[in-house]
Each structure stands twice: as structure tokens, then as C-alpha cells.
Amino acid sequence: MGNLRETSAGVLAERLWAHGVRYVFGIPSGQILPIVEAIERRGIRFVLVSHEMTAGFMADVMGRLTGVPGVALATLGPGATNLATGVGNAFLDRSPCLALTGQVPRDQFARRVQMRIDHGRLFAPLTKASLQLSPETMGDGIDRAVALATAEPPGPVHLDLPEDVITASAPGRAGRAALPAPRPRRPGGRIQAAARALARARRPVAVLGLTAARLGAGGRIQRFLEARRIPFVTTMLGKGVVPEDHPLHIGVVGRARHRWVEAFLADADLVVGIGYDPVEIGYEEWMPPAPLVHLGGEPADVAPRVALAADIQGDIAGILSGLARAGGPRAEWDLQEIRAFRARLFAGLRPRADGFQPHQVLDLLRDHLPADGILACDVGAHTHLIASQWEVTRPGTLLVSNGWSSMGYGIPAAMAATLAAPGREVACVVGDGGFLMQAGEMATAARLGRRLLFVILRDASLSLIEAKQRRKGYRPAGVRLFPETAAPAPDYFGVPCLAVRSPREFSRGLAAARRAKGPVALEAVVDGSHYGEILYGAP
Ligand SMILES: Cc1ncc(C[n+]2csc(CCOP(=O)(O)OP(=O)(O)O)c2C)c(N)n1
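About the cut-offs
- Numbering of residues starts from 1 in every chain and runs along the sequence as written.
- Totals for whole chains, interfaces and linings use all residues, but because this is a predicted model, local features are given only for residues with pLDDT of at least 70 and pairs of side-chain atoms are given and counted only at 80 or more.
- Hydrogens and waters are ignored; side-chain quantities use all the structure's heavy atoms.
- Among the buried residues, those of types Ala, Val, Leu, Ile, Met, Phe, Trp, Tyr and Cys that are joined through side-chain atoms within 4.5 Å form a nonpolar core.
- Note on exposure labels: buried denotes an accessible area under 20% of the residue type's maximum, exposed denotes more than 50%, and partly exposed covers the range between, all computed with a 1.4 Å probe on protein chains only.
- Runs of H or I in DSSP of at least four residues are treated as helices and runs of E of at least two as strands, each being numbered from the N terminus.
- The split of the chain into domains comes from an automatic or database domain assignment.
- Working rule for contacts: check all heavy atoms of both residues, and any pair within 4.5 Å makes them a contact.
- If even one non-hydrogen atom of a residue comes within 4 Å of a molecule or strand, that residue is called near it.
- Nitrogen and oxygen atoms within 3.5 Å of one another constitute a polar contact, given that in protein one can donate a hydrogen and the other can accept it, and given that sequence-neighbouring residues count only through two side-chain atoms.
- Method for areas: the Shrake-Rupley scheme with a 1.4 Å probe, in which residue coverage is limited to the protein chains shown.
- In the scheme used here, Gly and all other residues not listed as nonpolar or charged are polar, with Ala, Val, Leu, Ile, Met, Phe, Trp, Tyr, Cys and Pro taken as nonpolar and Asp, Glu, Lys and Arg as charged.
- Between the first and last residue of a helix there are one fewer steps than residues, each counted as 1.5 Å, and that sum is the expected span.
- The angle between axes fitted to the seven residues ending at a residue and the seven residues starting there is what we call the bend at that residue.
- Here the aromatic set is Phe, Tyr and Trp, taking the six-membered ring for Trp, and pairing holds for ring centres within 6.5 Å; pairs whose planes are under 30 degrees apart are stacked, those over 60 apart are edge-to-face, and all others are tilted.
- Pairs of strands are assigned from DSSP output, requiring at least two bridges between the strands.
- With its strands directed away from the observer, a crossover is right-handed exactly when the path from the first strand over the helix to the second travels clockwise.

1. Considerations on the nonpolar core
Counting residues in hydrophobic clusters, the biggest one holds 93 residues, and the most contacted among them are I221, L225, I274, W286 and L365. Sort the elements by how many residues they give to this core and helix α8 (residues 191–200) lands first, with five residues. Among the domains, domain 2 (191–342) and domain 3 (349–536) are the pair contributing at least three residues each to this core. In contact with I221, other than residues within four places in its own chain, are L208, A212, V241, V242, I274 and L320. Core analysis: the second largest hydrophobic core is formed by 51 residues, I27, A421, A445 and L448 among them.

Below, the structure is given as C-alpha cells:
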């Protein structure tokens, strides 16, 4: 096929390299082999995964942690539909990435062809834009896709690459790709309205969200909250924006013991959303009956019954400086009251019980992982517990699928973190249901060979769903995972695994994991029967 550098695939590889891309995640197939060859020749590593969903999640996390869009590559049809699950996460959890799909040659578009579907329609609701590139638009298309993916709020861009396009010689004259330019962000809303609402409030609370975390506005936010002595809750993705060991920290909304947090917030007379993204959790799902001041990247999205005192978009640090200049009274919260609530919440998340409990696993793991270590978790009852129990003091150290809430995220996220943040400790907590969905990726982890600790919470059930069934008075159905005879395995596709059945055994497993040079798994055989009470119990 001649010199690949002179083909469109070569141009693609060159542009990706120039933007800082060093890994592409995917599964090869005939149509995309020229791309795999071109990127590898350019020095970009093609990372084979076991399912394209993983490629999408890994691209998301590479983009999230490095700021350079992560890249996933899949074949057409079933490769593209598998990839879509990972791309959806980047869309709803706001991460810059590029989803590349192979496609049949353009002269076959009018025919019924094996594996072919309209990728543009598949990816339209999951991406900021979807575009088919030509040899003329390849270079410009990659540049524009990177600009669009990284523009606030970041997200995925899909590029469809027909087989004849990637093998065509690179044209002498480049054309412009029809990708939309990033939308300029228009600041809006009046600071005075927010300042007036704050001046009137006696017991305001703040809620910190994903946008604040992404924009790194933590220091400014912390100074603002301290100056007015405003206590704060966070969303799951806002954890760590201000360190959670701060005396003004109350808890996390909408997760384990959320009814306790809501009861504590009941007599707040103003809620100030700072960098709260509407996609995280609806305000009205947890808010007390108080007016709302929303300071964010996106306009507030609330039910009509919420009284919106101010809705301001723009640079959060700038808005907070404006509010600080406006001055105002200190809030009338009693710090003792907050401390007492935190202590009660701490105990409520750790019920006394005979069996080996998930909360014991989390406490021991928290002690094991350094403050700048990265925890990736999957989706299930354990996620709710992690939200409320896992203390985050550094931003960007907890990876979770929140807006998309997809099982299967944790294992790929942890693997990507080992590549994006080399030298940092990385751990992954996954339920046994999520593990079954992604068990094949243990082979990926073994091939990557990076130090990485997987903790599989084996409670033999899709516990979150079982807890919901019980709460509604339904009989548990479709949630039991293993036959009675099944037992943990000593090795999952090259990742050694140790089954542990008590806090002592788990501690010993952690000590062994510390000495490991590559990936290891601890399969904690736990009692998941208390999740229902911890998640939904009344104060
Ligand atoms: C892809 C996908 N399928 C289904 C669900 C619905 N769901 C949410 S949590 C859950 C159960 C998870 O079970 P497990 O991984 O064992 O974790 P646990 O609840 O036991 O902590 C299911 C089925 C989902 N969120 N994502």
C-alpha cells in the first residue's frame, strides 16, 4: 500500500500525534487496519481491548485526566454500536474525546452492505458532532474535532472514516471540514440578584458540582465559602473541589444516607449552586424549599416549583470575586452542629453487623490509597456508598460514571488512569455484576502490565437493583449472580486474584498488593444485605 505517511491514514496519525495523542483504544478489523498501521508507525500505541465499550470509556478518561482528547477506534456496525456505550459517558459526563469508526467505501453507500449502518444517526444524540471525513478534509477535520471536543463543556466528536478515504493518497490541497465551530459562551445573569439573595439569607448552603471540579475553581470557592461561613454539600463529581475534611463540609447529595443529608438541609433558607451541571442530578430531587442561586457553565434546569433567585453563567472565579466584593453577612450556621451531623453520618454509613461489610472494605482501602491516588468505581450500590463514605481531599482523584451511570465503566477507567497518570497509585472498586460485564478486560489489564489494584465486591447480587426491589415490596428477581457452586478464581486472564472474607484477610491482601509490580485483584466476599438501609433509611 506504499508509504502510509502519504495517505489520509498517515495524515490522521500525524494530526493526532501533533495534538498530543499517544494512545488509541479499540479492536482492529479489516476496514481500519490502515489506521492501526499508520498510528503505530507514528508512535501512537494502539491498545487492544476486549469490548469496544471499554475503548470509549478509556478514551473518555484519557481526555478527562490529560485535557488532550482520548481516542477510540472501532470497526463499522457492531463495533460502532459497542463503542456507543462508552461515548455516551463522555457526552453526559463531559469529557473530550474522539470516536473514530471505519466505514465501507463511499461507492457502496447506496447499496445494502454487510455490517453497514448510518453511523451519523447512531452517534448524533451521543456527541457534539458527527462527521464523515474525505481525503481533502482529513487534516482540518481532526484539528476542528479536537477544538470542538475540548471547548467548554467538553464532549465527544465522532468521525466516520470510509475505507477508500483512509487509503487515498493525501491530496496536495487541503479543504475545510464541515464541523461546527465551538459555540462561544455567553456570560449571562445579574450578579446583583445573587448578591441580594445572599445578603437576605441567614442559613445559606452551597452545592458544588462537576463544572467547578473541571474548571479547577476549588481555591476560589473555598475562600468564598470560608469568608461567608457557608457550609457545602457536593454532587458525586464535585467531591474534592473543596477538601472533604473541611469543617464546612456536610456531605454528598442523592447518595447513601441522602435522606439524612436532606433532613439536615431542611432549614437552609438559600441554596447556592456553584459549578453545578444540570446533568448531574436535578436540584429538586434533594433541595429544601428555599430559593436557588445558580452559578454555572450551563443555565439552571429546574422544575417550576423551584424559586430561581439568580441564574448566572460565566467564569465561576470571576462571579465569586464579584459576589465577594458585594460583601454581606456571615451565615448563622453553628460549626458544632455540622460536626455533630458529620459524626452521626459517619456512624450511619457503617452499621454494625456480623458479616464482612462493604464499608469495611472501603475504609481499609481509603487508608491504603494515598490522598493523590486515583479511585475508579463502577455503578451499583457500592457507588452510593463510595459517594458518601470515601473522603476526597484532592480534586480529580475519583472517577465515576455519573451523568451516564453505566455499569462497565470502572475497570476501563482505572486502566486508562494508569496510562494518563503514570506514577500515581490507582485502584478500582467494582461490584460482581459490573465485573461479570467486563471480566474480559482483565486480559487487557494483564497485557498493559501496569500496577493496578482491582477490588471486586462479591455479594452475589445486583445489590442496587435488589435493594430497589425490596423497597418497592417486589420479590427479588433477576438479580442473583452465581450458582451455589461458583467460587472466586485464583486468576482472571492473567491477573492474579485473592479471595478475602474478613477485614483481616483484606488488610493482608492490601499488603501483598503493595508489593505487586502489575495488576492484582482482591475479591472481597461481602455481605450486601445492609445496602438498602444505608441507601434509603430514614434519619
Ligand atoms: C449498562 C448498565 N446496565 C444496567 C444498569 C442498571 N444497574 C444499575 S446498578 C446495577 C447493579 C449493579 O450490580 P453490581 O455490579 O453487582 O454492584 P452492586 O449493586 O452489587 O454494588 C444495575 C443492573 C446500568 N446502570 N448500566
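2. So, the site of the ligand
Surveying the vicinity of the ligand reveals 17 residues, the closest of which are A381, H382, S405, G433 and G434. Separating a nitrogen atom of the ligand from a backbone N or O atom of M407 is a distance of 3.2 Å. Separating an oxygen atom of the ligand from a side-chain N or O atom of D459 is a distance of 3.3 Å. In isolation the ligand has 590 Å² of accessible area, and contact with the protein removes 78% of it. Mapped onto the shell around the ligand, the elements with two or more residues apiece are α15 (381–389), α17 (432–438) and α19 (463–471). Here the shell around the ligand is composed, by residue class, of six nonpolar, nine polar and two charged.

3. Topic: helix α4 (residues 78–92)
Here α4 contains 15 residues, and its C-alpha end-to-end distance of 22 Å stays within 8% of the 21 Å for a straight helix at 1.5 Å per residue. The sharpest bend along α4 reaches about 35° and sits at T85. Listed in full, the buried residues belonging to α4 are G79, A80, L83, A84, G86, V87, G88, N89 and A90. Packing partners of the buried residues in α4 comprise α3 (52–66), β3 (70–74), β4 (97–103), α5 (119–123) and β6 (156–162). R94 lies just past α4 and shows a positive phi near 65°.

4. Structural notes on the packing of aromatic side chains
The final tally for this structure, using the stated rule, is nine aromatic pairs. Seen in terms of ring centroids, F57 and Y409 are 5.4 Å apart; in terms of plane orientation they differ by 85°. Their pairing is edge-to-face. With F57 in helix α3 and Y409 in the loop between β14 (398–399) and α16 (410–420), the pair connects residues that are 352 residues apart, well separated along the chain. Its relative accessible area of 0% is what places F57 among the buried residues.

5. Some remarks on unusual backbone geometry
With glycine set apart, most residues show a phi of negative sign, and most peptide bonds adopt trans. Cis geometry is found at the peptide bond from E152 to P153, where omega equals -15°. Locating P153 in the fold gives a position in the loop between α6 (138–150) and β6. A positive phi angle, near 50°, is found at F493, a position not held by glycine. Looking at the element boundaries, F493 is found in the loop between β17 (491–492) and β18 (495–500).

6. Digging into the pairing of strand β13 (residues 374–377)
Every second residue of β13 is oriented toward a common face, with I374 and A376 on one face and L375 and C377 on the other, all of them buried. In the sheet, β13 pairs with strand β15 (residues 426–431) via four bridges, with the strands oriented parallel. When the sheet's bridge partners are listed, A376 is paired in β15 with C428. Here two bridges tie β13 to β14, and the two strands are oriented parallel to one another. Its bridge partner lying in β14, L375 is registered against L398. Handedness of the β-α-β unit built from β13, α15 and β14 comes out right-handed.

7. Let's talk about the environment of R214
Looking at the element boundaries, R214 is found in helix α9 (residues 210–214). Given the relative accessible area of 25%, R214 is considered partly exposed. Considering only alpha carbons, one finds R214 and G120, 94 residues apart in sequence, at a separation of 29 Å. Setting aside residues no more than four positions away along its own chain, R214 makes contact with R94, E152, P153 and P154.

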